[in-house]
Amino acid sequence: MSEWAALSILHHAHGVGLEKLKLLEDAAEELKKGRTAEALPKLREVLTFFNGELRTHFLHEEDGLFPVLARIIGRMGPIGVMIDEHQSLWRAVDTLEEHVLALEQGNATSLAETERVATHIVWLLRSHIQKEDEMLFPLAERSLSPEGQLEVVQRIKAATVSA
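Because the structure is a prediction, the values reported are computed rather than measured.

1. Regarding the overall build of the chain
Scanning the chain from terminus to terminus reveals five helices and zero strands. Each helix (α) and strand (β) of the chain, taken in turn from the N terminus, gives the series α-α-α-α-α. With the principal axes as the frame, the chain shows a C-alpha extent of 55 × 30 × 25 Å. The buried share among the 163 residues of the chain stands at 45%.

2. A few points about the nonpolar core
With 31 residues, the main nonpolar core has Leu24, Leu43, Phe50, Leu96 and Ile121 as its most contacted residues. Secondary-structure elements contributing two or more residues to this core are helix 1 (5-32), helix 2 (36-73), helix 3 (78-104) and helix 4 (111-143). At nine residues, helix 2 tops the list of elements feeding residues into this core. Those residues in contact with phenylalanine 50 that sit more than four places away from it in its chain are Leu24, Arg55, Trp90, Val93, Ile121 and Leu125. Counting residues in each nonpolar core, the second largest holds 18 residues, with Phe66, Val68, Leu136 and Ile156 among its members.

3. Considering the packing of aromatic side chains
For the structure on display, the rule yields two aromatic pairs. Between phenylalanine 49 and phenylalanine 50, the ring centres sit 6.0 Å apart and the planes meet at 55°, which makes this aromatic pair tilted. The pair phenylalanine 49 / phenylalanine 50 is uniform in exposure class, with both members buried. Where phenylalanine 58 meets tryptophan 90, the ring centres are 5.4 Å apart and the plane angle is 70°; that geometry is what we call edge-to-face. Within this pair, whereas phenylalanine 58 is found in helix 2, its partner tryptophan 90 is found in helix 3, the two being separated by 32 residues in sequence. Residue classification places tryptophan 90 among the buried residues on the basis of a relative accessible area of 14%. Of note, arginine 55 hangs over the ring of tryptophan 90, and the distance from its end group to the ring centre comes to 3.8 Å.

4. What about the packing of helix 2 against helix 3?
For the pair helix 2 and helix 3, the least separation of the axes is 10 Å and the interaxial angle reads 160°. In terms of axis orientation, helix 2 runs roughly antiparallel to helix 3. The hand of the helix 2/helix 3 crossing is left-handed. Residue classes in the contact of helix 2 with helix 3 are distributed as 21 nonpolar, three polar and seven charged.

5. Details of the environment of histidine 128
Structurally, the position occupied by histidine 128 is in helix 4. Using a relative accessible area of 3% as the deciding quantity, one classes histidine 128 as buried. Residues histidine 128 and leucine 69, 59 residues apart in the sequence, show an inter-C-alpha distance of 18 Å. The contact partners of histidine 128, leaving out residues within four places of it in the chain, are Phe58, Glu61, Met82, Glu85 and His86.

Cut-offs used in this document
Residues numbered from 1 in each chain as written. Predicted model: local features only at pLDDT ≥ 70, side-chain atom pairs only at ≥ 80, totals over all residues. Heavy atoms only, no water. Helix = DSSP H or I, 4+ residues; strand = E, 2+ residues; numbered from the N terminus. Buried < 20%, exposed > 50% of the residue type's maximum accessible area, 1.4 Å probe, protein only. Core = buried A, V, L, I, M, F, W, Y, C linked by side-chain atoms within 4.5 Å. Contact = heavy atoms within 4.5 Å. Phe/Tyr/Trp six-rings, centres within 6.5 Å; stacked < 30°, edge-to-face > 60°. Lys NZ or Arg CZ within 6 Å of the ring centre and 35° of its normal. Axes fitted to C-alpha atoms, helices over the stretch in contact; angles between N-to-C directions. Parallel < 35°, antiparallel > 145°, perpendicular 65-115°, else oblique. Left-handed = near helix turned anticlockwise from the far one by under 90°. Nonpolar A, V, L, I, M, F, W, Y, C, P; charged D, E, K, R; others polar.

Structure (structure tokens):
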């Protein structure tokens, strides 16, 4: 079975996300070295990505793929784990945003904590993407009928319009 359009779009978003995680890693390294001025633009770029493209991607999964797949495999298990990880990531992103604001206001005491949160996000999101790419997406491809795949595409389009 060939990969259908919705999964192709979700996979592509993962590639973009992994690129942004490299930038976040670079920012964490700058923070570790005490180079706040070099880290802040990178952190802002990553936060812009998280609050834009990543939010849209999660919306596509949560409103498009997950409900359709849940009718076949249930909401518990892989889908429940993915949703929990989405929520955990947003809590970490909120914390990172607070720390970046503090750094921008000259609060150097946030340096180590900002680096720690950034590193946590890199680990969490990389692990999350790997689970989806290696387990959830292949499961969806095997499990969803052509009608189910079409429903996912329609739900993603509807979620995009309402966002």
